[in-house]
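If you want the building blocks of each chain, they are given just below.
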Amino acid sequence: ILTVFIDLMVAVGVGVFIANILTIDQLSELRSKSVKIISTADDEIPLTPEEKQVLDLAGGRVLYFHLSGPMIFGVAKAISREHNAIDNYDVLVVNLKEVPLLGVTSSLALENAIKEAIDKGHEVIVVGATGKVRSRLEKLGLTGLIPEYHWVDDRLAALQEGLAIVRERESQAYNEELGVKS
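Here the residue index of a chain counts from 1 through its sequence in written order. Selection of residues for local features in this predicted model requires a pLDDT of at least 70, selection of side-chain atom pairs for listing and counting requires 80 or more, and totals for whole chains, interfaces and linings are taken over all residues. Hydrogens and waters are ignored; side-chain quantities use all the structure's heavy atoms.

Looking now at a nonpolar patch on the surface. On the surface, I6, V10, V14, F17, I18, I21 and L22 cluster together into a nonpolar patch covering about 630 Å² of accessible area. Think of it this way: any DSSP run of H or I at least four residues long counts as a helix, any run of E at least two long counts as a strand, and we number them from the N terminus. Tracing the backbone through its elements, the reader meets I18 in helix 2 (residues 8-32). Here the term buried applies to any residue with accessible area under 20% of the maximum for its type, exposed to any over 50%, and partly exposed to those in between, with areas from a 1.4 Å probe on protein chains only. Judged by its relative accessible area of 45%, I18 is partly exposed. Only residues whose relative accessible area exceeds 30% and that take part in no salt bridge are eligible for patches, with like-charged residues grouped when within 9 Å of each other and nonpolar side chains (Val, Leu, Ile, Met, Phe, Trp, Tyr) grouped when within 5 Å. Note on areas: Shrake-Rupley with a 1.4 Å probe; residue coverage comes only from the protein chains shown. One side-chain nitrogen of Lys or Arg within 4 Å of one carboxyl oxygen of Asp or Glu is enough to make a salt bridge.

On to the pairing of strand 2 (residues 62-68), then. For strand 2, the buried fraction is high: 7 of the 7 residues fall into the buried class. Residues V62, Y64, H66 and S68 line one face of strand 2 and the alternating positions L63, F65 and L67 line the opposite face, and both faces are buried.

Along helix 3 (residues 49-57), the residues that are buried comprise E51, V54 and L55. Projected down its long axis, helix 3 carries its buried residues within an arc of 95 degrees, all on one side. G59 occupies a position one or two residues after helix 3 and carries a positive phi of about 60 degrees. An arc is given here, and it is the one of the directions from the helix axis to the C-beta atoms.

One recurring pattern in soluble globular proteins: nonpolar side chains tend to sit buried together. L92, V94, L96, L110, V124 and L137 are the most contacted members of the largest nonpolar core, which has 21 residues in total. Of all the secondary structure elements, the ones that give two or more residues to this core are strand 2, strand 3 (91-98), helix 5 (104-119), strand 4 (123-127) and helix 6 (131-139). Ranked by size, the runner-up nonpolar core spans 16 residues in total, among them V91, V127, A158 and I165. In this text, buried Ala, Val, Leu, Ile, Met, Phe, Trp, Tyr and Cys residues form a nonpolar core when linked through side-chain atoms within 4.5 Å.

Residue position: H122 is located in the loop between helix 5 and strand 4. Here the side chain of H122 touches Y89 through a polar contact of 2.7 Å, landing on its backbone oxygen. As used in this structure description, the phrase polar contact means that two N or O atoms lie within 3.5 Å; if the pair is within protein, one of them must be able to donate a hydrogen and the other to accept it, and residues adjacent in sequence are counted only when both atoms belong to side chains.

Stacked, edge-to-face and tilted are the three classes for Phe, Tyr and Trp ring pairs, Trp counted by its six-membered ring, which pair at centre distances within 6.5 Å; planes under 30 degrees apart are stacked, over 60 edge-to-face, the rest tilted. A full pass over the atoms with the stated rule returns 0 aromatic pairs. Only when the NZ atom of a Lys or the CZ atom of an Arg is both within 6 Å of the ring centre and within 35 degrees of the ring normal do we say a charge sits over the ring. The ring of W151 carries R134 above its face, with NZ or CZ at 4.3 Å from the centroid.

Remember that the coordinates give geometry; whether it matters functionally is a separate question.
What follows is the structure in structure tokens.
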């Protein structure tokens, strides 16, 4: 219709623009599938038997946020949606080991998820943030919010630390219930 009523160049330009929008939408949908959040062992995320055991021992109190691949702007909605889906936990483990690129919008969504977790009194442990990804998170000021010892390279160590935090909190709650000072 554009070719007939306006010009062939305009029609081609509009066609290319629409094709790009559709491609970006499809890429965003595909990348969104790489955002997973679990609190118990899940077959969609390959975990070692030790990691599955740690998650099971935590009884759903450790939330494992698995991100992989480049985090482009379309993934921001998936990050927010996944994080908002679960609220009952003590420790958020964010795995960025398989993330080579963290876009601005996805960075902001991740920052919001982490800040919200911290504001609610949850501990946050970040796994595998290196290079440009770590630099992006530093620019957002997250290194000041998360203690240095909660920036780790090993997923199993992060999950074990999360389990230790859960057990410590359970012990404190139990002692408070009994009226014992720790």
